[in-house]
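Structure assessment
So you can see what is in the structure, the chains are spelled out below.
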Amino acid sequence: MADVEQGSAVPSGSAGVGSAPSGGAEPVNGTAQFVSTAEGTALAYGSLVLMALLPIFFGALRSVGCCKSKNSSDMPETITSRDAARFPIIASCTLFGLYLFFKIFSEEYINLLLSVYFFVLGILALSHTMSPFMNRIFPTSLPNKQYQLLFTQGSGENKEEIVNYEFDTKDLVCLGISSVVGVWYLLKKHWIANNVFGLAFALNGVELLHLNNVSTGCILLGGLFVYDVFWVFGTNVMVTVAKSFEAPIKLVFPRDLLERGLEASNFAMLGLGDIVIPGYLKKNTQTYFCTSFLAYIFGLGLTMFVMHTFKHAQPALLYLVPACIGFPVIMALVKGELTEMFSYESSEEILPHTPRLTRFPTVSGSPASLANSMQPLPSSPRRRRHVPTSM
């Protein structure tokens, strides 16, 4: 959603493909700016595409697992059509607010506050991302003790819970590893640490936010398409914020990695908005998942092709939105399922505790299956877990 100039970063929740020097805060003002080789550029673009596909694929898989869970605390949050329509307005207000902050206050202090904020948020997001893997590799010979963090106010009958968080030894290990990455990012702002946090944010965004209606996804993408075009081409707000904002809300890969190794400083970048927003549409049937997945690859590849051809950064949603909407629509037309696709809504059999949208009612399925889907499913007691989100 941001047209990123040379040497700029990408604001939170924004999208865009561009390049930047180390740190991503200031453009390179020198007489001999680095010119990347064809091999280095291909490696950078290919790595960005791969890093973008990973959170979409695995986030969608994990989202299905959350949807099948019978515990309401594990359920993803459903985005309604009203939420989708309001999102571009909220994003615009946030963007303009950041613009005013950077104009009024010192950029150094604002970025210091943002660094601390994303440090905490990144640790929690990475811990949640690592949790399923830790459950598999944690040695059974080691004790997995249970802990509880409880804050209350008042006493007796007036006692009220403020925080009630239960966790175990596995969670502490994840938190410790994530804290190491967080300190590394906070002190060095290294591009690898940035990408680790960025991938965790993207995966959590795709996993924990759910669109149970195709029409809602189209509303969301269409609104952000207009938002992107307006703030990028109609004003200098997006570019100003992009040049000033420092946070792990973009994926970067150095074009000069082959020449300078891990100390490389000339980056190609991709905003997390280019990953999370189109990724919401890839959670339904396998056919449309594959179609949307290929559409995303095509749109992102086209973005990089145009950027490389014209030597100018591009707002990726300008290409991703038509591709991610157009490809599934064409597939539905070929299969004769266009009406069914736009009237599809996730059933209660899959999302037993998630509020359903009522604007686009379900029209498929037998009366028996519809009746069964309306029956409440028994829930099994499981430990409560507060899950961080990055969006």
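Analysis parameters
Residues numbered from 1 in each chain as written. Predicted model: local features only at pLDDT ≥ 70, side-chain atom pairs only at ≥ 80, totals over all residues. Heavy atoms only, no water. Helix = DSSP H or I, 4+ residues; strand = E, 2+ residues; numbered from the N terminus. UniProt positions renumbered as here; feature names shortened; annotations may be inferred. Axes fitted to C-alpha atoms, helices over the stretch in contact; angles between N-to-C directions. Parallel < 35°, antiparallel > 145°, perpendicular 65-115°, else oblique. Left-handed = near helix turned anticlockwise from the far one by under 90°. Contact = heavy atoms within 4.5 Å. Nonpolar A, V, L, I, M, F, W, Y, C, P; charged D, E, K, R; others polar. Pairing = 2+ DSSP bridges.

Where an unreviewed UniProt entry is consulted, the protein appears under the name Histocompatibility (minor) 13, with the organism given as Scleropages formosus.

**With respect to unusual backbone geometry**
In the Ramachandran plot, K189 falls in the positive-phi region, its phi being about 55 degrees despite a non-glycine side chain. If you trace the backbone, K189 turns up in the loop between α4 (169-188) and α5 (191-208).

**A few points about the UniProt feature "transmembrane region" (unreviewed entry) in the protein**
UniProt marks residues 42-64, 84-102, 108-126, 192-211, 218-242, 262-281, 293-310 and 316-334 with the feature "transmembrane region" (unreviewed entry), using the numbering shown here. In residues 42-64, helix accounts for 100% and strand for 0%; the two terminal C-alpha atoms are 33 Å from one another. In residues 84-102, the share of helix is 100% and the share of strand is 0%. The end C-alpha atoms are 28 Å apart.

**Overview of the packing of helix α3 (residues 107-137) against α4**
Packed helix pairs are characterised by how far apart their axes lie and by the angle those axes make with each other. Two numbers describe how α3 lies on α4: the axes approach to 8 Å, and their chain directions differ by 140 degrees. Here α4 runs oblique to α3, going by the angle between their axes. Between α3 and α4 lies a crossing whose hand is right-handed. Note on element contacts: α4 touches α3 through K170, D171, V173, C174, L175, I177, S178, S179, V181, G182, V183 and L186, opposite S115, F119, I123, L126, S127, M130, S131, M134 and N135. Here the contact of α3 with α4 is composed, by residue class, of 12 nonpolar, seven polar and two charged.

**A few points about the pairing of strand β3 (residues 146-153)**
Pairing between β3 and strand β4 (residues 160-168): eight bridges, direction antiparallel. Across the sheet, F151 pairs through a bridge with V163, a residue of β4. Taking the residues between adjacent antiparallel strands as the criterion, β3 and β4 are bridged by six residues, where G154 takes a positive phi near 85 degrees.

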